[in-house]
Number of protein chains: 2
Amino acid sequence: MIFRRNLRPYLGQGCSYFRTCVLLAMGPAILAGRVALADPLPSWNEASAKQAIIEFVRRVTDKSSPQYVPPEQRIATFDNDGTLWSEQPMYFQGFFTIDRVKALAPQHPEWKDRQPFKAILENDTKALVASGEKGVLEILMASHAGVTTEEFEGIVRDWLATARHPRFNRPFTDLVFQPMLELLAYLRENGFKTYIISGGGIEFMRPWTEKVYGIPPEQVIGSSIKLKFDIREGRPILMRLPDLDFFDEGPGKPVGIQKSIGRRPIAAFGNSDGDLQMLQWTAAGEGPRFMLLVHHTDSEREWAYDRQSPIGRLDKALDEALTRGWTVVDMKKDWKKIFPFQ
Amino acid sequence: MIFRRNLRPYLGQGCSYFRTCVLLAMGPAILAGRVALADPLPSWNEASAKQAIIEFVRRVTDKSSPQYVPPEQRIATFDNDGTLWSEQPMYFQGFFTIDRVKALAPQHPEWKDRQPFKAILENDTKALVASGEKGVLEILMASHAGVTTEEFEGIVRDWLATARHPRFNRPFTDLVFQPMLELLAYLRENGFKTYIISGGGIEFMRPWTEKVYGIPPEQVIGSSIKLKFDIREGRPILMRLPDLDFFDEGPGKPVGIQKSIGRRPIAAFGNSDGDLQMLQWTAAGEGPRFMLLVHHTDSEREWAYDRQSPIGRLDKALDEALTRGWTVVDMKKDWKKIFPFQ
């Protein structure tokens, strides 16, 4: 108390050096043990979503809490498209696919007259949509298979280095959500293992998730095509085959989690109906659970869409979140900042 | 030197207290920085295999070494059957399968007259072998599918708690190799992430690998059957379907590694031709590599088999190891102890 009283005059009169000023101002609080650590989620507004996250992390990491969870069970799974980065006007892997078909076209003169390739080469969206699921699958296989895993990694890296998002004219990996980057880091600092569980291609994500999200390749789960081991010119290779192996979307997500992790997450983060089963699977485990949906509500800084959107539809999952009390992030209200560059 | 000279008389005359004695004896060595840390591989004889392991670990962990490998890239993959535990007179999962068919038989009266089930119920090995690959697959599906992932985990745990190996009359998880347990721990202490890459069933292994090997479920890769997400009585489940999803053996091992880890191991450990492609894939990466085969040469303490064995055949992989200078462990000569209980 004497110390505090003694300091007051200095604080009131201003300090000549900023650093001294801060130290003096904090002195009493430090002594009293009342200084909070730096805010781990500075891009989140002080509202219920942020509070719910921090309260959950406190409950499962505090050894004296009845809901304490040992670190090895702190598994947190994140959808990617629309949850960690944007997904409009189409999944970013769609831009990659189109660019790849165009890059391969000179080796495939027959594509000029063949749908759905013709549609891509002529930027004919109507014909592309008309080709349906079968057409999309055919394009995906033509653009993602026929190379080794190492070659494909290089192709993805090269594309990311030059491709730009049409609205923001920036690399696609700039369009990640700053509040989610903070959340990933905050969970990891608290002993969580963070995973991506995405409908996107696993080998489309792995070349950049470690650098961008701090998530290493072995913690990325996604859709995949079949691989074949072979020896080419005396060297072992893994060739990517034009044959779907696993579709990690909707009911595929809990399957992907079980296949690759073998334990149930205690926290799951998504943004669309394609994440519903992952959140249900997470919620159904015993002990403390945390389920969160990112609701895209900000057409100015990002996009606003939900129940009617062809990409990232959020309808049934939103109803279930509201019914069951899962956390729903209102991007416009909850996030001070959307992208790191804003 | 004065200190050392002064101590000699005491050491020569014996010490009244053992602890004092040891401290006095070690004093000069401690001062000279010449005390080695405790031997990390005490069950390994001082021979070339042990030296090769220690030398490799030193090279990749010493920051001043030109072959230094950052911790996140220190991926080590281990086969299970015959590499971490025994596999004779048949893969231990075979015993589980037979016991499971017998346990399910009352619910399947038709099995009494239907091969290959009849063969199992009558302990008719000849008829079982005659049923071929198709018969084995049918038995595997009948005994491993039709339950949820959670139910299956309980079934495996219950079986392990009561089943005994016919030769040693001990739980199967007692038949793990003490030198390999030490190797796993030693690698992990040196920043390696240790994985199992097994032809065996992934969900047959996960219930016990953490306790027995210190390998968590998310670092176990194996063969699998398809899973289906469903809601049963309002609760999400994953049902195990009688349909092979992935066969993690031979050329499947590098595929399984790529699917689940997404990076190439720098060290790989196996014991049979089914591990050859994993070792080739590991060897073909850039930078320092370590490939090791366990050669079963000890019919007294364990089993002796290689080129002609129907289980765990080691033929082509042994030739390749000898040609390329991979480390081959001679169990009889290299291992002081095989099982922890011996």
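All chains use their own residue numbering, which begins from 1 and follows the written sequence. Labels are handed out in written order, letters beginning with A for the chains and numbers beginning with 1 for the ligands. Side-chain atom pairs in this predicted model are given and counted only at pLDDT of 80 or more, local residue features only at pLDDT of at least 70, and totals for whole chains, interfaces and linings cover all residues. Side-chain figures throughout are based on the complete set of non-hydrogen atoms in the structure, without hydrogens or water.

Think of a sheet as strands paired side by side through backbone hydrogen bonds, with each pair either parallel or antiparallel. All names here are of chain A. The criterion for strand pairing is that DSSP finds at least two bridges linking the strands in question. Going along the chain from the N terminus, every DSSP run of H or I of four or more residues is numbered as a helix, and every run of E of two or more is numbered as a strand. Pairing within the open sheet is mixed, and its 7 strands lie in the order S4-S3-S2-S1-S5-S6-S7. Single-partner strands in this sheet number two, and they are strand S4 (235-246) and strand S7 (327-330). Taken over all neighbouring pairs, the strand axes of this sheet differ in orientation by 30° on average, direction set aside. The pairing of strand S3 (residues 220-232) with S4 spans 8 bridges and is classified as antiparallel. Its bridge partner lying in S4, Ser-224 is registered against Phe-246. Its contacts with the sheet put helix H7 (residues 132-144) on S3 and S4, and the angle it makes with S4 is roughly 175°. What counts as an axis is a line fitted to C-alpha atoms, over the stretch in contact for a helix, and the angles between N-to-C directions run from 0 to 180 degrees. Should any heavy atoms of two residues lie within 4.5 Å, those residues are considered in contact.

What follows concerns the side chain of B:Lys50. Residues and elements named next belong to chain B. Structurally, the position occupied by Lys-50 is in helix H3 (residues 48-61). Looking at Lys-50, the relative accessible area reads 2%, which means it is buried. Polar contact is defined as a pair of N or O atoms within 3.5 Å, subject to the rule that within protein one atom must be able to donate a hydrogen and the other to accept it, and that residues adjacent in sequence are counted only when both atoms are side-chain atoms. A polar contact of 3.4 Å, which involves the side chain of Lys-50, links it to the backbone oxygen of Trp-44. Only protein chains enter the accessibility calculation, which uses a 1.4 Å probe; a residue is then buried when its area is under 20% of its type maximum, exposed when over 50%, and partly exposed in between.

This paragraph deals with the relation of the copies chain B and chain A. Copies are brought into register by a least-squares superposition over C-alpha atoms of residues with pLDDT of at least 70 in both. Expressed as a screw operation, the relation of chain B to chain A combines 0.0 Å of axial shift with a rotation of 180°, fitting to an RMSD of 0.0 Å. The superposition operator between the copies reduces to a two-fold rotation axis. Taking C-alpha positions as the reference, the residue of chain B nearest the rotation axis is B:Ser260, at 3.1 Å.

Of the grid points, spaced at 1 Å and generated over the protein atoms alone, those admitting a 1.4 Å probe that cannot get out make up cavities, while open sets with protein on both sides within 12 Å along at least five of seven lines make up pockets; any residue with an atom within 4 Å of a point is treated as lining. Grid points are joined across faces, edges and corners, and a volume is the space filled by probe spheres set on the points. Going through the model one piece at a time under the given rule, you end up with 2 cavities of 30 Å³ or more. Its volume calculated, the largest cavity comes out at about 80 Å³. Every element with two or more residues in the lining of the largest cavity is listed here: strand S2 (193-201) of chain A together with strand S2 (193-201) of chain B. Of the residues assigned to the lining of the largest cavity, the class counts are 4 nonpolar, 4 polar and 4 charged. Lining the second largest cavity are B:Asn80, B:Asp81, B:Trp85, B:Gln93, B:Ser198, B:Gly200, B:Gly201, B:Phe204 and B:Met205. Counting only elements with at least two residues in the lining of the second largest cavity, the list comes to S2 and helix H10 (202-213) of chain B. Ten residues, namely Ala, Val, Leu, Ile, Met, Phe, Trp, Tyr, Cys and Pro, are considered nonpolar, four, namely Asp, Glu, Lys and Arg, are considered charged, and the remaining ones, Gly among them, are considered polar. Here the residues of the lining of the second largest cavity sort into 3 nonpolar, 5 polar and 1 charged.

Attention now goes to the interface of chain B and chain A. Taken together, the contact pairs 36 residues of chain B with 36 residues of chain A. Taken together, both faces of the contact between chain B and chain A bury some 2900 Å²; the carbon and sulfur share is 52%. A simple way to read buried area is as the amount of 1.4 Å-probe accessible surface that goes missing from two parts once joined, with both sides added. For chain B, the biggest contributors to the area lost against chain A are B:Glu218, B:Phe229 and B:Lys259; these three give 21% of the whole. In what follows, salt bridge is the name for a side-chain nitrogen of Lys or Arg lying within 4 Å of a carboxyl oxygen of Asp or Glu. Taken together, chain B and chain A are joined by 10 salt bridges. Summed over the shared surface of chain B and chain A, the result is 16 residue pairs in polar contact (both at pLDDT 80 or more). Elements represented by at least two residues in the side of chain B that touches chain A include exactly helix H8 (149-162), S2, H10, strand S3 (220-232), strand S4 (235-246), helix H11 (252-260) and helix H12 (276-283) of chain B. A per-class count over the side of chain B that touches chain A returns 16 nonpolar, 7 polar and 13 charged.

For the rest of this paragraph, the subject is helix H7 (residues 132-144) of chain B. All names here are of chain B. Expected helix span is given by 1.5 Å per residue-to-residue step, counting one fewer step than there are residues. Between the first and last C-alpha of H7 there are 18 Å, a value that for 13 residues agrees with the 18 Å anticipated at 1.5 Å per step. Taken as a whole, H7 has its buried residues at Gly-135, Ile-139, Met-141, Ser-143 and His-144. In this structure, the buried residues of H7 make contact with helix H4 (92-104), helix H5 (117-121), helix H6 (125-130), H8, S3 and S4. Directly beyond the C-terminal end of H7, a positive phi value near 80° is found at Gly-146.

So, on to the confidence of the model for chain A. All names here are of chain A. pLDDT is a per-residue confidence score from the predictor, ranging from 0 to 100. Considering every residue of chain A, the mean pLDDT works out to 91; 89% of them sit at 70 or more. Between residues 27-35, whose pLDDT stays under 50, and residues either more than four places distant or in other chains, the model counts 11 contacts. Here the predicted complex carries an ipTM of 0.89, next to a pTM of 0.89.

Here we come to the layout of surface pockets. What the second largest pocket holds in volume is close to 960 Å³. Around the second largest pocket, the lining comprises 34 residues; the ones closest to its centre are A:Glu153, A:Arg157, B:Gly262, B:Arg263 and B:Arg264. Sorting the residues of the lining of the second largest pocket by element identifies helix H8 (149-162) and helix H10 (202-213) of chain A as the ones contributing at least two each. In terms of residue class, the lining of the second largest pocket is built from 14 nonpolar, 7 polar and 13 charged.

What follows is about a nonpolar patch on the surface. Like charges within 9 Å and nonpolar side chains (Val, Leu, Ile, Met, Phe, Trp, Tyr) within 5 Å are joined into patches, using only residues over 30% in relative accessible area that form no salt bridge. Residue-level accessible areas treat just the shown protein chains as cover; the underlying method is Shrake-Rupley with a 1.4 Å probe. Taken together, the side chains of A:Leu137, A:Leu244 and A:Phe247 present a nonpolar region at the surface, about 270 Å² in accessible area. Within the element layout of this structure, A:Phe247 appears in the loop between S4 and helix H11 (252-260).

The next thing to look at is the pattern of salt bridges. Tallied over the entire structure, the rule returns 50 salt bridges over all chains. For A:Glu46, the salt bridge goes to A:Lys50, with nearest N and O atoms at 2.7 Å. Where A:Glu210 meets B:Arg263, a salt bridge forms, and the shortest distance between an N and an O atom there is 3.7 Å. Here A:Glu210, found in helix H10, pairs with B:Arg263, found in the loop between H11 and strand S5 (267-270), and the two come from separate chains. Of the residues examined, A:Glu210 reaches a relative accessible area of 34% and is grouped as partly exposed. Among the charged side chains, a salt-bridge network with shared partners connects A:Glu55, A:Arg58, A:Arg59 and A:Asp62.

Now for the sheet that holds S5(B). Residues and elements named next belong to chain B. Taken in spatial order, the 7 strands of this open sheet run S4-S3-S2-S1-S5-S6-S7, and their pairing is mixed. At either end of the open sheet lies a strand with only one pairing partner, and these are S4 and strand S7 (327-330). The sheet shows a mean angle of 30° between the axes of neighbouring strands, direction not considered. Sheet analysis places S5 next to strand S6 (residues 290-295), joined by 4 bridges and oriented parallel. Across the sheet, residue Phe-269 finds its bridge partner in S6, namely Leu-292.

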